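Here are the chains, one letter per residue:
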Amino acid sequence: AIALCLLAVALELPYHLRSPHIAMPTELFVIGDSLSSGGFGEVTPWPNQFAREVGVPTTNLAQPSDDTAGALVHQVPQLPQIADKSHCVIIEIGGNDMLEGRPIEQFVHALDRLLAATSAAGQRSAVMLELPLLPGAWRYGAVQRRLAAKHRIVLVPKRVMARVLLREENTFDGIHLTQRGHDTLAHEIAAWLDWRR
């Protein structure tokens, strides 16, 4: 039992260490769902607050209710057609796939295509927020990690978002963020990336 625990810790630890250095971009884009789009009573969604905190122009493409396949159709085409290495995309997607129980094969296919288009074969940097997983939904997290490695996408460990969502004052229904939740998430991501001004 001890050996299994140590093995689990050894396998998990690399995903919780500091991020590799990512140069401060000249422009940011956010792909996401209702957690990023706002529209639930807050004044400033976290992508807008993040832009203020790091001082980088940011375009929030997030759409409420989008799953990964929806983001591929509605949001990815709005990225600049010519990829620029000084641009970065922050990806916060997959929560609706998990909550609605999308077949894992559909999630794999959609996320693989989304990350390929987002990274543009390494011509754009990209950061993806790991999903805080529901019990029994570990496969969604495994897919995120496997495809992030394939496309060289930097993963923000799930503890960052989980820490925000688990504080009662940060959400009004356990999922959607209050203004305090948006502010906290923006601060936590900026701190983890070490992009704060």
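Residues numbered from 1 in each chain as written. Predicted model: local features only at pLDDT ≥ 70, side-chain atom pairs only at ≥ 80, totals over all residues. Heavy atoms only, no water.

Enquirer: Any chance you could explain the layout of surface pockets here in plain terms?
Expert: Over the atoms a probe the size of a water molecule is rolled, and this reveals where empty space is left. Counted as a void, the largest pocket has a volume near 430 Å³. In terms of lining residues, the largest pocket is bounded by 22 residues, among which G95, M98, L99, L165 and I175 are the most central. Elements supplying a minimum of two residues to the lining of the largest pocket: α2 (34-37), α5 (95-99) and α8 (158-165). When residues of the lining of the largest pocket are assigned to their parent elements, the largest contribution, four residues, is made by α5. (1 Å grid on protein atoms, 1.4 Å probe; cavity = no way out; pocket = protein on both sides within 12 Å on 5 of 7 lines; lining within 4 Å. Points joined across faces, edges and corners; volume = space filled by probe spheres on them. Helix = DSSP H or I, 4+ residues; strand = E, 2+ residues; numbered from the N terminus.)

Enquirer: Help me out: how do you make sense of the packing of helix α3 (residues 46-54) against helix α9 (residues 179-193) in this one?
Expert: The description of two packed helices rests on the angle between their axes and on the distance between the axes. Two numbers describe how α3 lies on α9: the axes approach to 8 Å, and their chain directions differ by 45 degrees. With respect to their mutual orientation, α3 and α9 come out oblique. Relative to α9, α3 is oriented so that their crossing is right-handed. For the pair formed by α3 and α9, the contact residues are W46, Q49, F50, E53 and V54 on the first element and H182, D183, L185, A186, H187, I189, A190 and L193 on the second. (Axes fitted to C-alpha atoms, helices over the stretch in contact; angles between N-to-C directions. Parallel < 35°, antiparallel > 145°, perpendicular 65-115°, else oblique. Left-handed = near helix turned anticlockwise from the far one by under 90°. Contact = heavy atoms within 4.5 Å.)

Enquirer: Is there a simple way to explain the pattern of salt bridges in this structure?
Expert: Where side chains of opposite charge bring their charged atoms close, a pairing between them can arise. A full pass over the atoms with the stated rule returns six salt bridges. D112 is the salt-bridge partner of K150, the closest N and O atoms lying 3.1 Å from each other. Taken together, the residues span a long stretch of sequence, with K150 in helix α7 (residues 138-151) and D112 in helix α6 (residues 104-119) at a distance of 38 residues. Take K150: its relative accessible area is 53%, and that puts it in the exposed class. (Salt bridge = Lys/Arg side-chain N within 4 Å of Asp/Glu carboxyl O. Buried < 20%, exposed > 50% of the residue type's maximum accessible area, 1.4 Å probe, protein only.)

Enquirer: In this structure, what is going on with a nonpolar patch on the surface? I would like to understand it.
Expert: Residues L99, L134 and I175 make up a contiguous nonpolar surface patch of about 250 Å² in total accessible area. Tracing the backbone through its elements, the reader meets I175 in the loop between α8 and α9. On the accessibility criterion, I175 (37% relative accessible area) is partly exposed. (Patch = residues over 30% accessible without salt bridge, like charges linked within 9 Å, V, L, I, M, F, W, Y side chains within 5 Å. Areas by Shrake-Rupley, 256 points an atom, 1.4 Å probe, with all protein chains shown as cover.)

Enquirer: Got a minute to help me understand the packing of aromatic side chains in this structure?
Expert: How two aromatic rings sit relative to each other is set out by the distance from centre to centre and by the angle between their planes. A full pass over the atoms with the stated rule returns four aromatic pairs. When the centroid spacing of 6.5 Å and the interplanar angle of 40 degrees are considered together, the rings of F40 and F172 count as tilted. On the criterion of sequence distance, the pair formed by F40 in the loop between α2 and α3 and F172 in the loop between α8 and α9 is long-range, its members being 132 residues apart. For F40, a relative accessible area of 33% corresponds to the partly exposed category. Under the relative-accessibility criterion, F172 is labelled partly exposed at 45%. Ring pairing ties together the aromatic residues W46, F50 and W195, which thus form one cluster. (Phe/Tyr/Trp six-rings, centres within 6.5 Å; stacked < 30°, edge-to-face > 60°.)

Enquirer: What's the story with the pairing of strand β4 (residues 125-129) in this structure? I'm lost.
Expert: The buried fraction of β4 is high, at four of five residues. Relative to β4, strand β3 (residues 87-92) runs parallel, the two sharing four bridges. In the sheet register, I90 faces β4, and the bridge partner there is V127. Where β4 lies against strand β5 (residues 154-156), three bridges are found, and the strand directions are parallel. Bridge pairing in β5 links M128 to L155. At this point the chain moves from β4, through α7, to the parallel β5, and the crossover so formed is right-handed. (Pairing = 2+ DSSP bridges. Right-handed = clockwise from strand over helix to strand, strands pointing away.)

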